[in-house]
Amino acid sequence: MTALIDRFNGAARRVPTWPLYILCAIPGFWFFYLGLTGGLGVEPIKALEHKLGELALQFLIAGLAVTPLRRHLGVNLLKFRRMLGLVAFFYVLTHLLVWLLLDVQIVSQIWADILKRPYITVGMAGFVLLLPLALTSNNWSVRKLGPKWRQLHKLAYVAVLLGAIHFVMLVKGFQIEPYLYLAAILTLLALRIRPARRKVAI
Amino acid sequence: MAFRWTNDLTRADVTPERLFLNRRQILGGLAAGGIAGGLGLRAEAQEALEPNTWEEITSYNNYYEFGTGKDDPARYADSLVTSPWSVTIDGLVDRPGDYGFAQIMEAMTVEERIYRFRCVEAWSMVVPWNGFELADLLEMAGVQTGARYVAFQTANRPDQMPGLARPVLDWPYVEGLRLDEALHPLTLMATGIYDRPIPNQNGAPLRLVVPWKYGFKSIKSIVRITLTEDEPPTSWNKANAREYGFYSNVNPEVDHPRWSQATERRIGGGLFARRQPTLMFNGYDEVAGLYEGMDLTENF
Ligand code: HEM
């Protein structure tokens, strides 16, 4: 097992990250293309909005899995974490843009919806929290912010939770899927809690 | 009675243009003889609305008994056995019992009704239904004087309906109308679309169509109709009373708590479809009298 993980980590180290940005963004463009050409059914706007929302949540969760994987299994994907986070942000942003430009369309209604519809408010809060994280996901910001950078990026936990709660709130009737996402997130968050260390004498 | 209501969206909206021109010529000829003058005029005054295609109407459905995805019904509804079929009509009726589908069809006059269809999710279609008035079916069973409401129930067959395995709603699906709504000439029992038998995903072999209410009121694959004195429970209202009322009339001024009902998107416009304003009672103003004196914000 350990040998396997070592080999995996070794291989992962040799994979360059930049092509992965492109690779991971391809589904978004692909679904847009399908929407244009009838591949998403007769109501492509909702379908695209849903696909992008799911991808956003999935990449957010993938980003959240990096630390527990390393801590508990020794699998080191740390170098991909920024990529995963930025790709997730790309999907949240395009999800939001589909909502604004294709779905709602009407400016006065957009603002009303953000304030009046709790599930939109929650999704929007998730987006707003992710914005500074995306803007500071570069080496310069990491250096500039120092220890504050880590503090700031803890907002990701809240944003992912908001994303999942947004999903729970928007489905009709009782559906299991959003709860599975929420459970995955809570599990990944729980796995980051370190067992309480013995108190260090001051 | 059949033919108590005449389409405002006309056959012209369904028939390919070439055929329609022929038809118009025929109508014109008849009109000259003073027989179908009214029809001819109405064809002139038709709205510029095109019914949705067969493909659109039969591939984008909400029928949670087959799954919550819009394409699930088209994918899985084949497993529903619709023949033989019978509808139990009971409660406050003179002749309660099981009415076989063939027996019903023999007694009914099937006509075409081209209706706007507005889903509570703010999308809409125009559907050329074939069917008969619910009033005629109720007359077959003989409504008793004490009856004030009509309750409906969808088939509940876990072996044929995979979606029933999930507790999305409290199965079986039930709906209800006030008796005067049920007897209104617009209220249809649909058995076909585009002159073809109604496909399973659209509610075969017979379903309700109440065009001035949100789509979920138009319950599918009906197995039971019960005349009652009290307002019957309805599925979405049971699931979330704050979001779905008993009446659920299309009303652009009363928003769903989670989205605006002021506008809707016609299915079929592609990725850049524009929204259009939603009409009060989905454009069927003739039902307004049913709700006179009622606060429609309270009774949503
Ligand atoms: C953290 C950010 C967000 C995440 C992770 C997220 C995720 C999701 C997911 C998973 C879905 C459901 C997809 C499905 O049903 O298959 C969804 C739907 C939706 N989201 Fe988001 N979302 C986020 C932010 C937003 C924002 C900022 C808006 C708009 C202001 C928004 C608007 C919507 C809408 C309108 C729907 C569809 C609701 C419907 O079915 O009518 N989301 N989102």
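Residues numbered from 1 in each chain as written. Chains lettered and ligands numbered in written order. Predicted model: local features only at pLDDT ≥ 70, side-chain atom pairs only at ≥ 80, totals over all residues. Heavy atoms only, no water.

### Some words on the overall build of chain B
Phase 1: The helix and strand inventory of chain B stands at eight helices and 12 strands.
Phase 2: Across the 300 residues that make up chain B, the buried fraction comes to 57%.
Phase 3: Summarising the internal contacts of chain B: among those between residues at least 6 apart in sequence, 72% fall at separations of at least 24.
Phase 4: Roughly 12,700 Å² of accessible area belongs to chain B as shown, and the carbon and sulfur atoms make up 52% of that amount. (Helix = DSSP H or I, 4+ residues; strand = E, 2+ residues; numbered from the N terminus. Buried < 20%, exposed > 50% of the residue type's maximum accessible area, 1.4 Å probe, protein only. Contact = heavy atoms within 4.5 Å. Areas by Shrake-Rupley, 256 points an atom, 1.4 Å probe, with all protein chains shown as cover.)

### Regarding the packing of aromatic side chains
Aromatic rings in a pair are described by how distant their centres are and how their planes are angled relative to each other.
Phase 1: Applying the stated rule across the entire model yields 21 aromatic pairs over all chains.
Phase 2: Ring geometry for Phe174(A) versus Tyr179(A): centroids 5.7 Å apart, planes at 25°, classification stacked.
Phase 3: Phe174(A) gets classed as partly exposed once you look at its relative accessible area, which sits at 38%.
Phase 4: Judged by relative accessible area, which is 38%, Tyr179(A) ranks as partly exposed.
Phase 5: Three or more aromatic residues link up through ring pairs in this structure, and these residues are Tyr149(B), Phe246(B), Tyr247(B), Phe281(B) and Tyr291(B).
Phase 6: Between Arg116(B) and the ring centre of Tyr284(B), over which it is positioned, the NZ or CZ distance is 4.8 Å.
Phase 7: The ring of Trp54(B) is capped by Arg196(B), whose NZ or CZ atom sits 3.8 Å from the centre of that ring. (Phe/Tyr/Trp six-rings, centres within 6.5 Å; stacked < 30°, edge-to-face > 60°. Lys NZ or Arg CZ within 6 Å of the ring centre and 35° of its normal.)

### Some remarks on the nonpolar core
Phase 1: The biggest cluster of nonpolar side chains holds 77 residues, and the ones touching the most others in it are Trp129(B), Leu137(B) and Ile225(B).
Phase 2: Among residues more than four places away in sequence, those in contact with Ile225(B) are Val87(B), Thr88(B), Ile89(B), Asp90(B), Leu137(B), Leu138(B), Val150(B), Ala151(B), Phe152(B) and Met189(B).
Phase 3: Counting 55 residues, the second-largest nonpolar core is a separate cluster that includes Phe127(A), Val171(A), Ile185(A) and Leu271(B). (Core = buried A, V, L, I, M, F, W, Y, C linked by side-chain atoms within 4.5 Å.)

### Let's talk about the coordination of the iron atom of the ligand
Six octahedral donors at a metal ideally form angles of 90 or 180 degrees, and four tetrahedral donors ideally form angles of 109.5 degrees.
Residues and elements named next belong to chain A.
Phase 1: The protein atoms donating to the iron atom of the ligand are His95 (NE2) and His166 (NE2), with metal-donor distances spanning 2.0 Å.
Phase 2: One way to put it: the six donor atoms around the iron atom of the ligand meet at angles of 84 to 179°, and that makes the site octahedral. One end of the pair, His95, is in helix H4 (residues 81–104); the other, His166, is in helix H9 (residues 155–170), with 71 residues separating them in the sequence.
Phase 3: In this structure His166 comes out as buried when scored by relative accessible area, which is 14%. (Donors = N, O, S within 2.8 Å, 3.2 Å for Na, K, Ca; no water. Tetrahedral: all angles 85-135°; square planar, octahedral: opposite > 155°, others 65-115°.)

### As for the interface of chain B and chain A
Phase 1: With 29 residues of chain B at the contact, the number on the chain A side is 27 residues.
Phase 2: Taking both partners together, chain B and chain A bury about 2,400 Å²; carbon and sulfur atoms supply 54% of that area.
Phase 3: By the criterion of area lost to chain A, the three top residues of chain B are Arg258(B), Arg265(B) and Leu271(B), representing 32% of everything that side buries.
Phase 4: On inspection of chain B and its partner chain A, the count reaches six salt bridges.
Phase 5: A salt bridge links Glu43(A) to Arg265(B); its shortest N-O distance comes to 3.0 Å.
Phase 6: In this assembly, chain B and chain A are joined by 16 residue pairs in polar contact (both at pLDDT 80 or more). (Buried area = accessible area lost by both parts, 1.4 Å probe. Salt bridge = Lys/Arg side-chain N within 4 Å of Asp/Glu carboxyl O. Polar contact = N/O pair within 3.5 Å; in protein donor to acceptor, adjacent residues only side chain to side chain.)

### So, the site of the ligand
Residues and elements named next belong to chain A.
Phase 1: Around the ligand lies a shell of 20 residues, among which Lys46, His50, Glu54, His95 and His166 are the nearest.
Phase 2: One of the side-chain nitrogen or oxygen atoms of Glu54 is found 2.3 Å away from an oxygen atom of the ligand.
Phase 3: Within the side chain of His166, an N or O atom sits 2.7 Å from a nitrogen atom of the ligand.
Phase 4: Every element with two or more residues in the shell around the ligand is listed here: helix H3 (44–73), H4, helix H6 (118–135) and H9.
Phase 5: Per-element accounting of the shell around the ligand gives the leading share, seven residues, to H3.
Phase 6: Residue composition of the shell around the ligand, by class: 11 nonpolar, six polar and three charged. (Near = heavy atom within 4 Å. Nonpolar A, V, L, I, M, F, W, Y, C, P; charged D, E, K, R; others polar.)

### Examining unusual backbone geometry
Residues and elements named next belong to chain B.
Phase 1: A cis amide bond links Ser83 with the next residue in sequence, Pro84, at an omega value of 5°.
Phase 2: Position of Pro84 relative to the elements: it lies in the loop between helix H4 (72–76) and strand S1 (86–91).
Phase 3: The amide bond that connects Ala204 to the next residue, Pro205, takes the cis arrangement and shows omega of -5°.
Phase 4: We note that Phe281 has phi near 50°; this positive angle belongs to a residue other than glycine.

### Things to note about the packing of H3(A) against H9(A)
Residues and elements named next belong to chain A.
Phase 1: As a packed pair, H3 and H9 sit with axes 10 Å apart at the nearest point and diverge in direction by 145°. Note on packing geometry: the crossing formed by H3 with H9 is left-handed. For the pair H3 and H9, contact is made by Leu57, Leu60, Ile61 and Leu64 and by Tyr157, Val160, Gly163, Ala164 and Phe167, respectively. (Axes fitted to C-alpha atoms, helices over the stretch in contact; angles between N-to-C directions. Left-handed = near helix turned anticlockwise from the far one by under 90°.)

### Here we look at the UniProt feature "domain: Oxidoreductase molybdopterin-binding" (unreviewed entry) in chain B
Phase 1: According to UniProt, the positions carrying the feature "domain: Oxidoreductase molybdopterin-binding" (unreviewed entry) are residues 83–236 of chain B.
Phase 2: Here residues 83–236 of chain B runs as 14% helix and 38% strand, with 28 Å between its end C-alpha atoms. (UniProt positions renumbered as here; feature names shortened; annotations may be inferred.)

### So, helix H2 (residues 18–37) of chain A
All names here are of chain A.
Phase 1: With 20 residues, H2 should cover 28 Å at 1.5 Å per step; its first-to-last C-alpha distance of 29 Å lies within 8% of that length.
Phase 2: The sharpest bend along H2 measures roughly 35° and falls at Ile26, with the proline Pro27 sitting one to four residues further on.
Phase 3: Looking at the packing, one finds that the buried side of H2 touches H3 and H4. (Expected span 1.5 Å × (residues − 1). Bend = angle between axes of the 7 residues up to and from the residue.)

### Some remarks on the pairing of strand S3 (residues 111–118) of chain B
Residue and element names in this part refer to chain B.
Phase 1: Where burial is concerned, most of S3 is hidden: eight out of the eight residues are buried.
Phase 2: Neither face of S3 is open: one carries Glu111, Arg113, Tyr115 and Phe117, the other Glu112, Ile114, Arg116 and Arg118, and all of them are buried.
Phase 3: Inspection of the sheet shows S3 paired to strand S4 (residues 123–133) by eight bridges, in the antiparallel sense. Among the inter-strand pairings, Arg118 is bridged to a residue of S4, identified as Ser124. (Pairing = 2+ DSSP bridges.)

### Details of a positive patch on the surface
Phase 1: A surface patch of like charges, here positive, comprises Arg70(A), Arg71(A), Arg81(A), Arg150(A), Lys154(A) and Arg194(A).
Phase 2: The topology assignment puts Arg194(A) in the segment after helix H10 (177–190). (Patch = residues over 30% accessible without salt bridge, like charges linked within 9 Å, V, L, I, M, F, W, Y side chains within 5 Å. Lys, Arg positive; Asp, Glu negative; His and termini not counted. Charge placed at Lys NZ, Arg CZ, Asp CG, Glu CD.)

### A closer look at the UniProt feature "binding site: Mo-molybdopterin" (unreviewed entry) in chain B
Residues and elements named next belong to chain B.
Phase 1: Taken from the UniProt record, the annotation "binding site: Mo-molybdopterin" (unreviewed entry) applies to Asn61, Tyr64, Glu65, Cys119, Thr154, Asn202, Arg207, Ser218, Ile219 and Lys220. Set against the largest cavity, the annotated residues that line it come down to Asn61, Tyr64, Glu65, Cys119, Thr154, Asn202, Arg207, Ser218, Ile219 and Lys220.
Phase 2: Mapped onto the fold, Glu65 is located in the loop between helix H3 (54–59) and H4.
Phase 3: Dropping the residues within four chain positions of it, Glu65 is found in contact with Thr154, Met161, Pro162, Gly163, Leu164, Trp171 and Tyr173.
Phase 4: Look at Thr154 and you get buried, because its relative accessible area is 1%.
Phase 5: Beyond its immediate chain neighbours, meaning those up to four positions away, Thr154 contacts Tyr63, Glu65, Met161, Pro172, Tyr173, Ile219, Lys220, Ser221 and Val223. (1 Å grid on protein atoms, 1.4 Å probe; cavity = no way out; pocket = protein on both sides within 12 Å on 5 of 7 lines; lining within 4 Å.)

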